[in-house]
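# Examining the three-dimensional arrangement
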Amino acid sequence: MGKVTGFLEFERLEEGYEPVEKRLKNYKEFVIGLTPEQAKQQGARCMDCGTPFCNNGCPVNNIIPDFNDLVYHQDWQRAIEVLHSTNNFPDFTGRVCPAPCEAACVLNINNDPIGIKSIEHAIVDRAWAEGWIKPQPAAVKTGKKVAIVGSGPAGMAAAQQLARAGHDVTVFEKNDTIGGLLRFGIPDFKFDKSHIDKRVKQMEAEGVVFKTNTIVGDMPKGSKVTNWAKTTVSPEQLKAEFDAVLLAGGSEQSRDLPVPGRDLEGVYFAMEFLPQQNRINAGGKVKDQIMATGKDVIVIGGGDTGSDCVGTSNRHGAKSVTQFEVMPMPPEQENKDLTWPYWPIKLRTSSSHEEGCTREFAIATKEFIGEKGKLTGLKTVHVEFKDGKFAEIAGTEKTYKADLVLLAMGFTNPVSTLLEGFGVDKDARGNAKATTEVEGGYKTSADKVFAAGDVRRGQSLVVWAIREGRQAARAIDESLMGVTSLPR
């Protein structure tokens with residue numbers, strides 16, 4: 001693939017970033033993509049490796065060597081066709097996917113992997129610019145109706161596949177705009193929401209109907225999950241009016257930190273903080289916005305959501321930003337002999353960290369402290385993992401000053417009332433119970449009800465959501481029609 005000796009001649013090329021001082025002044029995307037010539041050079045590095053592990057490293061099984069080769073030969077239009085054959089939304093994954101395909105690249109055994117994600121990004125942006133991405137409405141309608149609950153990447157992927165198979169698809173979203181956590185969870189500086197808007201227009205032209213501000217069932221009392229719904233539809237109504245229902249909501253229940261002082265003003269979930277800023281960026285209004293301006297901010301949780309809180313806090317003009325992670329600091333470089341082709345555990349420094357952040361590892365919060373009901377700081381202790389659990393290290397107690405604490409420790413399960421409303425059995429983690437088997441895949445215990453994405457598998461990646469949405473669409477099509485031509 002590519003140039004026979006390309007992997008020997010060319011080094012990996014990284015996408016560029018705008019300077020920190022410039023990008024902190026706004027919420028616009030700041031990644032500088034590869035030029036066509038740079039993308040061609042990266043494509044040239046793709047080896048004729050015989051067994052391309054990158055295909056299996058990619059959850060949607062992108063045909064990576066093929067589109068790398070097409071970019072090398074500057075056949076961009078065929079490249080987007082190959083990319084779209086496995087991935088409905090490479091404009092999403094080309095921006096926010098962590099690229100497990102690159103970890104699995106054969107070249108990564110003893111060199112730097114091919115910049116697969118940057119090539120994907122270049123292909124889809126070129127395709128939009130050239131007008132190659134167009135609606136693909138079904139030639140024949142089946143007369144079958146499918147309801148999809150949730151408009152994140154799983155729901156969108158399933159909706160597009162089912163509409164192209166000829167079904168009448170309606171997507172229900174409790175918030176006022178389509179996109180789920182893509183829309184309200186990921187900051188605009190990482191992922192501009194115009195990319196969702198373009199896909200929504202494409203899907204509407206393909207016959208998909210979107211109903212926003214509409215919640216299916218009830219929200220648990222006191223829930224802090226973002227919900228701007230104005231209309232309620234019952235699960236019974238959907239089951240009566242549609243031939244199949246796909247539950248494709250997110251794993252939206254944030255993991256809490258029930259230590260003394262948790263109820264102090266100034267301690268919030270990340271998913272209370274991030275959606276507000278995204279809504280304002282879109283021209284919406286928010287009552288009592290949580291602001292980091294001039295504050296000492298502590299973000300508890302070392303993953304992507306925590307990093308997003310760091311970047312947003314810096315754009316607010318925080319006085320200081322510190323990020324806590326309970327796990328020990330990982331090595332700066334993985335041991336490839338032990339980890340390849342799997343996703344390695346190693347220190348990852350995000351663009352948000354580079355904008356200004358102190359990182360603390362192996363640290364746990366014991367108590368939030370405050371005055372007159374307002375947060376002023378927190379008490380911590382360093383920990384070590386012993387005998388299968390975390391143990392405090394004596395003499396490491398410390399008090400940190402804090403005006404704002406953001407809890408970004410991941411998500412535990414989908415909103416329970418959604419599953420209960422449909423009578424869907426849950427697994428041990430509170431997710432919808434459904435297998436991915438070819439026969440009867442994604443089918444829940446409730447008649448006509450399927451589940452895919454985070455609602456089924458738990459908190460995961462955008463690319464996994466797209467995969468499950470596509471596979472669930474195939475399962476639903478086969479269930480309704482007896483046969484299916486949709487790909488797995």
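For the structure, check the block above.
Predicted model only: the values in this text are computed from it and were never measured.

### Notes on the nonpolar core
- Residues Phe67, Ile123, Ile148 and Leu246 are the most contacted members of the largest nonpolar core, which totals 68 residues.
- In this structure Leu246 touches Ala147, Ile148, Val149, Ala158, Phe450, Ala451, Ala452, Ala472 and Ile476, once residues within four positions along its chain are discounted.
- Listed in part, the 18 residues of the second largest apolar core include Val216, Phe422, Val424 and Val449.

### Observations concerning the packing of aromatic side chains
- Following the criterion strictly, the structure yields 9 aromatic pairs and no others.
- Pairing Tyr17 with Phe30 gives two aromatic rings, centres 5.4 Å apart and planes at 85 degrees, and the pair type is edge-to-face. You can see Tyr17 sitting in strand E1 (residues 16-17) and its partner Phe30 sitting in the loop between helix H2 (20-23) and strand E2 (31-32), a full 13 residues away along the chain.
- Owing to a relative accessible area of 41%, Tyr17 belongs among the partly exposed residues under this scheme.
- Aromatic pair Phe385 and Phe390: ring centres 5.0 Å apart, planes at 70 degrees, arrangement edge-to-face.
- Note on Phe385: relative accessible area 52%, which makes it exposed.
- Of the residues examined, Phe390 reaches a relative accessible area of 36% and is grouped as partly exposed.
- Of note, Lys145 hangs over the ring of Phe242, and the distance from its end group to the ring centre comes to 5.1 Å.

### Concerning unusual backbone geometry
- Trp340 connects to Pro341 through a cis peptide bond whose omega is 5 degrees.
- Backbone geometry places Gln74, a non-glycine residue, at a positive phi of 60 degrees.
- Note that Gln74 resides in the loop between helix H5 (64-72) and helix H6 (76-84).
- Under the relative-accessibility criterion, Gln74 is labelled partly exposed at 34%.
- Here Asn213, not a glycine, exhibits a phi torsion of approximately 55 degrees, which is positive.
- Looking at the element boundaries, Asn213 is found in the loop between strand E5 (209-211) and strand E6 (214-216).

### A short note on the sheet that holds strand E8 (residues 244-247)
- Strands sit in the order E5-E4-E3-E8-E20 across an open sheet of 5 strands; the sheet is parallel. Single-partner strands in this sheet number two, and they are E5 and strand E20 (449-451). Strand-to-strand twist across the sheet, computed as the mean angle between neighbouring axes with direction ignored, equals 20 degrees.
- With 3 bridges connecting them, E8 and E20 associate as parallel partners. The residue of E20 that forms the bridge with Leu247 is Ala451.
- Along the sheet face, helix H10 (residues 153-164) touches strand E3 (145-149), strand E4 (168-172) and E8 and points at about 170 degrees away from the line of E3.

### With respect to the sheet that holds strand E12 (residues 320-325)
- The parallel open sheet is built from 5 strands, whose spatial order is E10-E18-E11-E12-E13. In this open sheet, the two strands that pair with only one neighbour each are strand E10 (267-269) and strand E13 (358-361). Averaged over all neighbouring strand pairs, the angle between strand axes comes to 20 degrees, with direction disregarded.
- One ladder, built from 4 bridges, connects E12 with E13; its direction is parallel. The residue bridging Gln323 from the neighbouring strand is Arg359, located in E13.
- Lying over the sheet, helix H14 (residues 270-281) contacts E10 and strand E18 (404-407), oriented at roughly 70 degrees with respect to E10.
- On top of the sheet, helix H15 (residues 304-316) reaches strand E11 (296-300), E12 and E18; it is set at about 175 degrees to E12, its chief contact.

### Looking at the pattern of salt bridges
- By the definition in use, this model includes 26 salt bridges.
- A salt bridge links Lys193 to Asp188, with the shortest nitrogen-to-oxygen separation between them at 2.6 Å.
- A relative accessible area of 8% places Lys193 in the buried class.
- Here the salt bridges share partners, and the residues they tie into one network are Arg12, Glu14 and Glu102.

How each quantity is defined
Residues numbered from 1 in each chain as written. Predicted model: local features only at pLDDT ≥ 70, side-chain atom pairs only at ≥ 80, totals over all residues. Heavy atoms only, no water. Core = buried A, V, L, I, M, F, W, Y, C linked by side-chain atoms within 4.5 Å. Buried < 20%, exposed > 50% of the residue type's maximum accessible area, 1.4 Å probe, protein only. Contact = heavy atoms within 4.5 Å. Phe/Tyr/Trp six-rings, centres within 6.5 Å; stacked < 30°, edge-to-face > 60°. Helix = DSSP H or I, 4+ residues; strand = E, 2+ residues; numbered from the N terminus. Lys NZ or Arg CZ within 6 Å of the ring centre and 35° of its normal. Pairing = 2+ DSSP bridges. Axes fitted to C-alpha atoms, helices over the stretch in contact; angles between N-to-C directions. Salt bridge = Lys/Arg side-chain N within 4 Å of Asp/Glu carboxyl O.

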